[in-house]
Amino acid sequence: MKKRWLAALLALALCYGLFAGCSKEESQGSDTEQPSQQQDGEQDREPEKKDSQPAEGGVKEGGTFVVSVANEPSTYNPDATSDDGNLPVVHNVFNKLVKINGSDQVTPDLAESWEFSEDGASVTFHLHENVKWHDGQPFTSEDVKWTIEQIQSAEGFAAASLADIVEITCPDENTVEMKLAGPNSGIVSSLAWNGTFILPKHIYEGTDWLENEANQKPIGTGPFKFVEHKAGQSVTLEKNEDFWGDKPHLDKVVFTIIPDQNTAYQAWLNGEVDELRNGVPANEFSKYENNPEYVVYDKLWPNRGYLLFNVNEGPFANLKVRQAVAYGIDRDEINEKALKNQGMKAEYFISPLFDWALDKNIKLPERDVEKAKQLLEEAGYTADENGIYFTTTIDHFPGFEDVVEVVKSNFKEIGVQLEINSMDDASYDEKVWFGHDFEITILGGYQGPDISAIANRFGENGSINLGEYKNDRLNELFAEGVVKSTPEDRAAVYKEAQKILSEDLPAVFYNEKGTKIIAKAYVKGHPAGEVSDRASEVEFTYVWLDK
């Protein structure tokens, strides 16, 4: 008997997690599939919804939506390599089997539903019918099969995260069956992440997918069709009148390329631009909170900032010293002074966006300076005449300067002299990333779209486990987490994992990355607003202009 999972049930965003943090992370996190209004994310799972209701008479059809973007696309092949510049375009031109919506949940796209086999080792996708490519050719299951196999064979961007797919068959033109190497409840979320857009087999088959002319004139199945790319100026899309899903309202979307943030901001203020993807400067946010001409959306990602310890040697190999840091840092001060209250203070050992698995009883401790000093003394340290127990060095790469200064001040209050070693990326990679030669460092980055991505940071073989932390039971739990098939079973696994992380403290989290997305009030159907359950963060299917 099969366990049928309609797409809505998997809105919990199950994922394998191998793709999280596949490159060195920065304090600002990756721009990949995240709004550029970020400073390195939402108190509740749903974004704050301040959109006014549609104007009397309903939605206004037509119009041109002008969006500023900082980066120029280099290719419109969305699967071969990572290209932040093309993401806003390809999210509106192409579709995936499933996608990540504005609330970081996995939702249907070309697949209207899917089901796992009883043993969890295969998954079947049921596709929407009567879908057409922009050139009028029919979309079928063969396009899905060709795309995934091409990503794997050509080592496309998502190849590693799709490695568990060992065979794909197409029983009919609207059904795709994927046989897996073993039970993997997260493969659906892997298919929802970057580099998994479905490409037209009839255009690419038999060609070099890196050189195909469609890489500059893309043909997709999405709500908008590609029109033109004017180098250094703009990319224009037009409404796909034959779109298979909810029909877009706009006639055109124009992405105007403005690399300089201040120039883009002025263009937005002057009315030359409707949507500012370059980002409103953080020090300007307060101007828009109570301004009826704008709408403010609070956005949070499963993207976290944390202090990371070398748990094998040096002062932080002692658990009591790590506990002292947990009591000693002022997470409120870090978020207020260094991060300008973007996002929120970290309180738990997983992102609060994974509320289905969150154990609210397992929290980071509130600041207690005296408790921190007591723990240092229990660890065998004695304060000198200046009240300093020991001196250590924090290694960091660019982007963490403000946070590190607050941490240094916090450490001094508990009697730890913190020296700061600011390094360029190459030096950091050599010393810390690959050399694991550090006592304490600082990291941040995307840890989703599913909770299982934390295995990449705290699993024994995780590629971002820079502190070389190891816990056998935790490794067992991480392995179980991608085999369990129901949210209830998975929640039990990750609640135990949170307990272990709270006891061992391989890291101390300080921030849940977020920002405020500022939109003009006349932009309705914004993907950060009331349609965040249906649209990706850069999808404009539902946008209409009330002006």
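Quantities reported herein were computed from a predicted structural model and do not represent experimental measurements.

Caption draft 1: The pattern of salt bridges, seen in detail. The full count for this structure, using the stated rule, is 26 salt bridges. Between Lys 516 and Glu 289 there is a salt bridge, and its shortest N-O distance comes to 3.3 Å. Residue Lys 516 is located in strand β18 (residues 507-520), and its partner Glu 289 is located in the loop between β12 (275-276) and β13 (294-309); the two are separated by 227 residues in the primary sequence. Taking relative accessible area as the criterion, Lys 516 reaches 21% and is therefore assigned partly exposed. The closest approach of N and O atoms between Glu 460 and Lys 470, which form a salt bridge, is 3.6 Å. Placement of Glu 460 in the loop between α11 (455-458) and α12 (472-481) and of Lys 470 in the loop between α11 and α12 is noted, with a sequence separation of 10 residues between them. Via salt bridges that share partners, Arg 331, Asp 332, Lys 345 and Glu 366 belong to a single interconnected network.

Caption draft 2: Region of interest: unusual backbone geometry. Of note in the backbone geometry, Asn 130 takes a positive phi value of approximately 60 degrees without being a glycine. Of note in the backbone geometry, Asn 341 takes a positive phi value of approximately 60 degrees without being a glycine.

Caption draft 3: View of the sheet that holds β12. Here we have 5 strands laid out as an open sheet, ordered β9-β10-β11-β2-β12, and mixed in their pairing. Each having just a single partner strand, β9 (224-230) and β12 make up the two edges of the open sheet. Bridge count for β9 against strand β10 (residues 234-239) is 6 bridges, and the pairing is antiparallel. Each bridged residue has a counterpart across the sheet, and for Glu 228 the counterpart in β10 is Thr 236.

Caption draft 4: Inspection of the packing of aromatic side chains at higher detail. Tallied over the entire structure, the rule returns 22 aromatic pairs. Ring geometry for Trp 193 against Tyr 446: centres 4.9 Å apart, planes inclined by 5 degrees, an arrangement best described as stacked. Of this pair, Trp 193 sits in the loop between α3 (187-192) and α4 (201-204) while Tyr 446 sits in strand β17 (residues 440-446); the two residues are 253 residues apart in sequence, bridging distant segments of the chain. Ring centres of Tyr 306 and Phe 509 lie 5.4 Å apart, and the angle between their planes is 50 degrees; this geometry places the pair in the tilted category. Placement of Tyr 306 in strand β13 and of Phe 509 in strand β18 is noted, with a sequence separation of 203 residues between them. A connected cluster of aromatic rings, assembled from ring pairs, spans Tyr 265, Trp 268, Tyr 288 and Tyr 294. Over the ring of Phe 509 we find Arg 304, and its NZ or CZ is 4.0 Å from the ring centre. Above the plane of the ring of Trp 301 lies Lys 513, whose end atom (NZ or CZ) is 5.7 Å from the centre.

Reading the values: rules and limits
- Residues numbered from 1 in each chain as written.
- Predicted model: local features only at pLDDT ≥ 70, side-chain atom pairs only at ≥ 80, totals over all residues.
- Heavy atoms only, no water.
- Salt bridge = Lys/Arg side-chain N within 4 Å of Asp/Glu carboxyl O.
- Helix = DSSP H or I, 4+ residues; strand = E, 2+ residues; numbered from the N terminus.
- Buried < 20%, exposed > 50% of the residue type's maximum accessible area, 1.4 Å probe, protein only.
- Pairing = 2+ DSSP bridges.
- Phe/Tyr/Trp six-rings, centres within 6.5 Å; stacked < 30°, edge-to-face > 60°.
- Lys NZ or Arg CZ within 6 Å of the ring centre and 35° of its normal.

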